[in-house]
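Single-letter residue listing:
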Amino acid sequence: MSRTEQRSRPPRREPEQVWTPRTKLGTLVATDKITSMKEIYENGYRIQEAGIIKKLLPGIKTEVIDVGIVQKQTTNGEYTRFKALVAAGDENGWLGIGQGKSKQMRIAIEKATNQAYLNVSPVKLGCGSWECRCEQPHSVPFKIRGRGGSVTVEVIPGPRGLGLVAGGNIRNLLKLAGLKDAWTKSTGSTNTMTSTSRAVLDCLRQTFSQG
């Protein structure tokens, strides 16, 4: 498989696994006492189990955004670990990003995936484009800006049919969040995916906090 084919692969769905709740919130979700993410956020509950997200957002997908190697020189020699950056979203108003490190790449990705689930937060979708005003949730309700490290990302509402005018990784994150049409602007070292993903997440969180 070529690198181009690997990059173009769609977000993967997590396989079904048997989940045994370990927290009070997990038990409430497992027994259908709580049936939506909205209830959790309105009551200020803290999510500590990925199974909660998988049950309440059954359509959630994950995508590996970036992988790399961390090397350190110690008195015992060179110490090498793998790091991974994963995004999780249901393409309908929820997005989370997580990081993981391990001596094995597979475990690093698993840790990042679990953290992405736990970091899932709401994104308010809407139609803030003066060219459209269709009131359908295909874009963002207003212009938003977020920052992560040296990277700044701005998302501007677009009319239906425009698509996502953004670089590949930023476009993938916006798609996972549920956006279909938007313009974007970015400044800073956008090749640094940790900073870029934080900037996108900070940006999208403002749709909920400001709206």
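The structure presented is a predicted model; accordingly, all values stated were derived computationally and were not measured.

Caption draft 1: Highlighting the pairing of strand 4 (residues 94-102). In terms of burial, strand 4 is largely enclosed, as seven of its nine residues are buried. Of the strand pairs in this sheet, strand 3 (residues 77-89) and strand 4 are connected by eight bridges, and their pairing is antiparallel. Among the inter-strand pairings, A87 is bridged to a residue of strand 4, identified as I97. Sheet analysis places strand 4 next to strand 5 (residues 121-122), joined by two bridges and oriented antiparallel. Each bridged residue has a counterpart across the sheet, and for W94 the counterpart in strand 5 is P122.

Caption draft 2: Spatial organisation of the nonpolar core. L95, V153, V155, L174, L179, V200 and L204 are the most contacted members of the largest nonpolar core, which has 27 residues in total. Breaking this core down by element, the ones donating at least two residues are strand 3, strand 4, strand 7 (151-157), helix 6 (168-177) and helix 7 (193-210). The greatest single-element share of this core, amounting to six residues, is contributed by helix 7. Taken domain by domain, the makeup of this core includes at least three residues from each of domain 1 (24-122) and domain 2 (144-210). When near neighbours in sequence (up to four residues on either side) are disregarded, V200 contacts V153, I170, L173 and L174. Counting residues in hydrophobic clusters, the runner-up holds 22 residues, among them V29, I40, L57 and A108.

Caption draft 3: Expanded view of unusual backbone geometry. The backbone of E91 sits at a positive phi, close to 60°, despite the residue not being glycine. Mapped onto the elements of the fold, E91 is located in the loop between strand 3 and strand 4.

Caption draft 4: Quick peek at helix 6. Three or more residues of helix 6 are buried, namely I170, L173, L174, L176 and A177. What you see down the axis of helix 6 is that its buried residues fit within an arc of 160°, all on one side. A positive backbone phi angle near 115° is found at G178, which sits one or two residues after helix 6.

Caption draft 5: Spatial organisation of helix 5 (residues 105-118). Over its 14 residues, helix 5 runs 20 Å from end to end, which matches the ideal 20 Å to within 8%, given 1.5 Å per residue. Where helix 5 is concerned, the buried positions are A108, I109, A112, T113, A116 and Y117.

Caption draft 6: Representation of the domain arrangement of the protein chain in the model. Segmentation of the protein chain into domains returns domain 1 (24-122) and domain 2 (144-210). On a C-alpha basis, the centroid separation for the pair domain 1 and domain 2 is 20 Å. If you look at the interface, domain 1 gives 18 residues, while domain 2 gives 15 residues. Taken over both partners, the interface formed by domain 1 and domain 2 buries close to 1,400 Å², and the fraction arising from carbon and sulfur atoms is 63%. Broken down residue by residue, the surface that domain 1 buries against domain 2 is led by I65, E91 and L95, which jointly contribute 36%. Linking domain 1 with domain 2 are zero salt bridges, by the criterion used here. Our enumeration of links across domain 1 and domain 2 arrives at six residue pairs in polar contact (both at pLDDT 80 or more). When contributions to the side of domain 1 that touches domain 2 are tallied by element, the ones reaching two or more residues are strand 2 (61-74), strand 3, strand 4 and strand 5. Grouping the amino acids of the side of domain 1 that touches domain 2 by side-chain chemistry returns seven nonpolar, six polar and five charged.

Caption draft 7: Examining the state of the cysteines more closely. Per the stated rule, a full pass over the model turns up zero disulfides. Among the cysteines around C127, which has no disulfide bond, C132 carries the closest sulfur, lying 3.7 Å off. Classification of C127 as buried rests on a relative accessible area of 17%. Lacking any disulfide linkage, C134 is separated from the closest cysteine sulfur, that of C132, by 3.5 Å.

Caption draft 8: Looking closely at the sheet that holds strand 8 (residues 164-165). Pairing is mixed across the open sheet formed by four strands, whose spatial order is 6-7-9-8. Whereas interior strands pair on both sides, the edge strands pair on one side only; in this sheet they are strand 6 (144-148) and strand 8. As paired strands, strand 6 and strand 7 are joined by five bridges and run antiparallel to one another. Of the residues in strand 7, the one forming a bridge with G146 is V153.

What counts as what
- Residues numbered from 1 in each chain as written.
- Predicted model: local features only at pLDDT ≥ 70, side-chain atom pairs only at ≥ 80, totals over all residues.
- Heavy atoms only, no water.
- Buried < 20%, exposed > 50% of the residue type's maximum accessible area, 1.4 Å probe, protein only.
- Helix = DSSP H or I, 4+ residues; strand = E, 2+ residues; numbered from the N terminus.
- Pairing = 2+ DSSP bridges.
- Core = buried A, V, L, I, M, F, W, Y, C linked by side-chain atoms within 4.5 Å.
- Domains from an automatic or database assignment.
- Contact = heavy atoms within 4.5 Å.
- Arc of directions from axis to C-beta.
- Expected span 1.5 Å × (residues − 1).
- Buried area = accessible area lost by both parts, 1.4 Å probe.
- Salt bridge = Lys/Arg side-chain N within 4 Å of Asp/Glu carboxyl O.
- Polar contact = N/O pair within 3.5 Å; in protein donor to acceptor, adjacent residues only side chain to side chain.
- Nonpolar A, V, L, I, M, F, W, Y, C, P; charged D, E, K, R; others polar.
- Disulfide = S-S within 2.5 Å.

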